[in-house]
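Here is what each chain is made of, one letter per residue.
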Amino acid sequence: MREHGTTSQRMPLEGDAPLEGGAGRLTPEELRRSLQIFREKLSSDEVAYINSCVRCGLCADSCHYYLAEPQTECIPAYKLGLVTGVFKMYFGSVGKVFPRWMGARRLDRQTLEAWVDSLFGRCTLCGRCSLNCSVGLDVTRLIRLARSTLVSVGLVPRGLQSTVDTALQKGNNMGIPRQEWVETVEWLEQELRGELNDERARLPLDVQGARLLCTVNPREPMFFPLSIVAAGKILHAAGESWTFSSENYDVTNYGLFSGDDDAARVMAERLVESMERLGCETLVLAECGHGFNSNRWKGPQWLRKRYGFEVRSILEVVADYVREGRIKLDPSLNPDLVTLHDPCNLVRLGGVVEDQRYLLERSSLHFVEMVPNREKNFCCGGGGGQLSMSEFSERRLSAGKIKAEQIRATGARVVAAPCHNCIDQISELNKHYKLGVETKTVCEVVAAALVTEG
Amino acid sequence: MTPFLRYAVFLSSGFCLVSLLILLIKTFAFGRRTNYAKHRGSAVRGVLYAFGRGMMPTEKESARRHLFTYSAGVTYHGGILAALVYLVLLLLEYELPAPLLSLFRLLLTLGFVAGFFLLLRRILLPAPRKLSCPDDFAANILVTAFVLLGAVHSQWESGLPLFFLTATAVFLYVPLGKIRHCVFFFYSRVLFGLFYGSRGVLPQEKKQEAA
């Protein structure tokens with residue numbers, strides 16, 4: 001259990017000039033509250049990181065924002081400095097007395113505006129800088145901490161906040177009513193039966209005691225229903241005991257991006273509730289990078305408890321089917337050159353590194369890696385909630401140039417991306433940079449190579 | 001003069017150690033978060049990686065891309081360590097054998113050159129300059145001077161009072177400014193290893209294609 005140290009310092013926050021933007025409306029009381037939240041979110045780990053940064057700047061070209069736009073404001077150490085400066089001002093003994101000397105800064109309206117612009121607008125929380133940091137600082141964690149502070153004063157960009165609000169109010173981030181989800185599953189089940197020519201094929205709903213409870217990204221029923229059919233086809237071929245839930249099936253958790261721990265806790269708890277209600281053994285997370293990080297790693301932390309069930313990515317489950325001979329694949333059914341994008345939250349921050357490769361190597365005739373790859377891969381630019389923050393979309397596309405160049409260098413026709421945020425971003429990059437590729441989930445590639453009876 | 005400065009070095013180093021200890025206690029007072037998620041990999045292997053292979057340019061793109069700066073950083077810190085050991089030996093009035101003295105001369109000289117290069121880099125390159133605050137320059141100047149004076153003494157056996165004086169200043173400044181990373185670096189590196197190790201991200205067995 002986390003313990004708190006001394007209570008937040010009471011430093012004067014008033015007196016800074018009002019701004020036109022969102023922070024301009026904040027009252028001195030709200031500013032004080034933001035400092036209080038900042039303090040409450042700090043743990044010893046963050047304090048250690050803050051005391052470790054030497055501002056060497058070697059992290060600069062590990063960031064896709066900096067590579068696309070080489071400005072100081074895009075250097076991770078600069079963005080981090082916006083956060084560490086506040087710590088030094090209120091919680092560092094020397095910074096209080098000699099703020100200029102130590103690079104300390106007040107948590108005022110200007111700082112909060114700078115946080116919104118830099119920490120929401122120039123960061124995807126991909127963690128590539130942390131991996132390349134000379135010291136090994138978890139930059140992502142400190143930036144998310146600052147985002148949490150912005151939540152407390154209502155300074156989360158509107159699009160991102162609205163995605164969180166929709167999920168909280170409607171049960172999923174697309175606001176799909178329960179009946180519509182049930183009907184979509186029924187319709188897709190007919191599609192699956194038609195495709196397999198097998199009346200026994202099912203997309204089961206609310207099956208008590210099924211071994212696996214599968215989740216979806218709500219973008220799938222809305223825009224990519226074939227990815228649900230692909231997953232269903234594989235699970236059916238493996239003879240798996242599985243189910244969807246008619247409620248609380250959303251794998252996404254935009255609280256991770258906005259920094260809203262309370263909202264994130266509610267969303268994580270919903271999947272736990274579905275697991276307990278249906279009595280399943282394993283929670284299977286759909287191909288969704290941040291959904292994996294949220295539910296596999298952060299969920300237990302948000303809920304402050306160990307889960308009594310397994311949490312796995314569908315990629316891990318399907319890779320096991322291939323290893324165990326439960327499904328057979330014919331790579332010649334995917335003759336195009338396929339490459340793989342590594343979603344940051346699944347790979348660098350999630351640890352699912354090899355299973356997707358194992359699957360693509362066995363389900364496509366020609367598979368080629370991007371360079372660099374695995375945990376060293378570049379972010380596509382769509383993470384950290386960027387796709388929902390329209391005010392930063394120009395920067396997002398510009399920062400995606402690095403990924404576009406990586407894809408083009410492979411010469412691939414198909415980009416497999418086990419994450420729907422990444423798929424959306426790569427689809428936009430495809431149009432913007434005229435890459436001429438097709439984006440698919442890994443399960444779609446595997447399903448196309450599936451050898452079915454009859 | 002020198003006996004007085006000798007005491008100053010002892011006192012300042014005591015102040016440094018006690019202050020760093022207080023800093024650590026204050027840091028721990030913020031509390032730690034418990035990790036409730038089931039591990040996927042080995043936290044121990046992650047920590048070993050963090051202090052071993054994970055520091056190498058082969059593993060770290062930033063080090064590979066900035067090999068000269070990375071090497072300067074390693075050399076600088078080697079020089080600082082040598083200066084500290086040299087200081088301790090002087091305080092103990094230990095007579096160094098000639099080959100060992102030559103080794104110290106080499107390490108201290110290289111350390112000074114590397115430190116001076118890093119200072120110039122911070123002053124001359126726009127990005128590092130904009131990232132820096134006065135504390136960064138002060139820390140670099142102070143420590144580089146300490147290494148330089150160590151090198152001078154090892155070569156000509158002169159300037160001992162100045163070396164002791166600079167050492168005193170360094171010890172007094174360590175807990176106040178960025179040099180405190182001498183302790184927090186290890187803390188952060190352990191956290192790095194725990195994070196990537198427990199999640200099964202690092203160490204990766206498969207060989208990566210280099211960027």
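Use the structure listed above.
Model, not experiment: these values are computed from the prediction.

Draft legend 1. Layout of the overall build of chain B. Within chain B one finds nine helices and zero strands. Counting from the amino terminus, helix and strand elements in chain B follow one another as α-α-α-α-α-α-α-α-α. C-alpha extents for chain B along the principal axes are approximately 60 × 40 × 40 Å. In chain B, which comprises 211 residues, the proportion classed as buried is 49%. When contacts within chain B are restricted to residue pairs at least 6 apart in sequence, those whose partners lie at least 24 apart make up 78%. A total of about 10,600 Å² of accessible surface is found on chain B, and carbon and sulfur atoms cover 75% of it. Of the charged side chains in chain B, 22 are positive and 9 negative, and the gap between their average positions amounts to 12 Å.

Draft legend 2. Broad picture of the sheet that holds strand 4 (residues 310–313) of chain A. Residue and element names in this part refer to chain A. Read across the sheet, four strands follow the order 2-1-3-4 without closing on themselves; strand pairing throughout is parallel. For this open sheet the edge positions go to strand 2 (242–243) and strand 4, each flanked by a neighbour on one side alone. Taken together, the four bridges between strand 3 (residues 282–285) and strand 4 define a ladder with parallel strand orientation. Residue pairing in the sheet places Thr 282 in a bridge with Glu 310 of strand 4.

Draft legend 3. Inspection of the sheet that holds strand 7 (residues 414–416) of chain A at higher detail. All names here are of chain A. Pairing within the open sheet is parallel, and its four strands lie in the order 6-5-7-8. Either end of the sheet is taken by a strand with one partner, and the two such strands are strand 6 (366–368) and strand 8 (438–440). Neighbour-to-neighbour, the strand axes of the sheet open up by a mean angle of 30°, direction not taken into account. Pairing of strand 5 (residues 337–340) with strand 6, which is carried by three bridges, proceeds in the parallel orientation. If you follow Thr 339 over to strand 6, its bridge partner there is Val 368. Packing against the sheet, helix 18 (residues 355–363) makes contact with strand 5, strand 6 and strand 7, and its axis sits at approximately 180° to strand 5.

Draft legend 4. The environment of Gly 85 of chain A, seen in detail. Residues and elements named next belong to chain A. Checked against the element boundaries, Gly 85 lands in helix 4 (residues 76–91). Each C-alpha atom of the pair Gly 85 and Pro 99 lies 8.6 Å from the other, and the pair is 14 residues apart in sequence. Setting aside its immediate chain neighbours within four residues, Gly 85 contacts Gly 103, Ala 104 and Arg 105.

Draft legend 5. Helix 2 (residues 43–51) of chain B, seen in detail. All names here are of chain B. When helix 2 is considered as a whole, its buried residues turn out to be Ala 43, Gly 46, Val 47, Tyr 49 and Ala 50. Down the axis of helix 2, the buried set is contained in an arc of 160°. They therefore lie on one face. Facing away from the buried surface of helix 2 by more than 90 degrees, the exposed residues are Val 44 and Leu 48. Buried residues belonging to helix 2 abut helix 9 (181–198). The residue sitting at the N-terminus of helix 2 and contributing the capping side-chain oxygen is Ser 42; that oxygen lies 3.4 Å from the backbone nitrogen of Val 44.

Draft legend 6. Spatial organisation of the state of the cysteines. All names here are of chain A. Here the structure, examined in full by the defined rule, presents zero disulfides over all chains. Free cysteine Cys 56: the closest other cysteine sulfur is in Cys 59, separated by 6.1 Å. Considering cysteine sulfurs only, Cys 214 is the nearest to Cys 280, which forms no disulfide, with 8.8 Å between them. Judged by its relative accessible area of 10%, Cys 280 falls in the buried class.

Draft legend 7. The pattern of salt bridges, seen in detail. Here the structure, examined in full by the defined rule, presents 44 salt bridges over all chains. We note a salt bridge from Asp 117 of chain A to Arg 395 of chain A, for which the minimum N-O separation is 2.7 Å. Taken as a pair, Asp 117 of chain A in helix 7 (residues 109–120) and Arg 395 of chain A in helix 19 (residues 393–399) lie far apart in primary sequence, 278 residues in all. Overall, the relative accessible area of 28% leaves Asp 117 of chain A in the partly exposed class. Across the pair Glu 354 of chain A and Arg 374 of chain A runs a salt bridge, and its minimum N-O distance is 2.6 Å. On the criterion of sequence distance, the pair formed by Glu 354 of chain A in the loop between strand 5 and helix 18 and Arg 374 of chain A in the loop between strand 6 and helix 19 is long-range, its members being 20 residues apart. Members of the salt-bridge network, linked through shared partners, are Asp 45, Glu 46 and Arg 141 of chain A together with Arg 32 and Arg 33 of chain B.

Draft legend 8. Structural view of the layout of surface pockets. Residue and element names in this part refer to chain B. Reported here for the largest pocket is a volume of approximately 1,400 Å³. Gly 73, Tyr 76, His 77, Ile 80 and His 181 are the residues nearest the centre of the largest pocket, which is lined by 40 residues in total. Residue assignment for the lining of the largest pocket shows that the elements contributing at least two residues are helix 1 (2–28), helix 3 (61–65), helix 4 (67–91), helix 5 (98–124), helix 7 (134–156), helix 8 (160–173) and helix 9. Examining the composition of the lining of the largest pocket, we find that 10 residues originate from one element, helix 4, more than from any other. Each residue belonging to the lining of the largest pocket can be placed in one class, and the counts come to 26 nonpolar, nine polar and five charged.

What counts and what doesn't
Residues numbered from 1 in each chain as written. Chains lettered and ligands numbered in written order. Predicted model: local features only at pLDDT ≥ 70, side-chain atom pairs only at ≥ 80, totals over all residues. Heavy atoms only, no water. Helix = DSSP H or I, 4+ residues; strand = E, 2+ residues; numbered from the N terminus. Buried < 20%, exposed > 50% of the residue type's maximum accessible area, 1.4 Å probe, protein only. Contact = heavy atoms within 4.5 Å. Areas by Shrake-Rupley, 256 points an atom, 1.4 Å probe, with all protein chains shown as cover. Lys, Arg positive; Asp, Glu negative; His and termini not counted. Charge placed at Lys NZ, Arg CZ, Asp CG, Glu CD. Pairing = 2+ DSSP bridges. Axes fitted to C-alpha atoms, helices over the stretch in contact; angles between N-to-C directions. Arc of directions from axis to C-beta. Polar contact = N/O pair within 3.5 Å; in protein donor to acceptor, adjacent residues only side chain to side chain. Disulfide = S-S within 2.5 Å. Salt bridge = Lys/Arg side-chain N within 4 Å of Asp/Glu carboxyl O. 1 Å grid on protein atoms, 1.4 Å probe; cavity = no way out; pocket = protein on both sides within 12 Å on 5 of 7 lines; lining within 4 Å. Points joined across faces, edges and corners; volume = space filled by probe spheres on them. Nonpolar A, V, L, I, M, F, W, Y, C, P; charged D, E, K, R; others polar.

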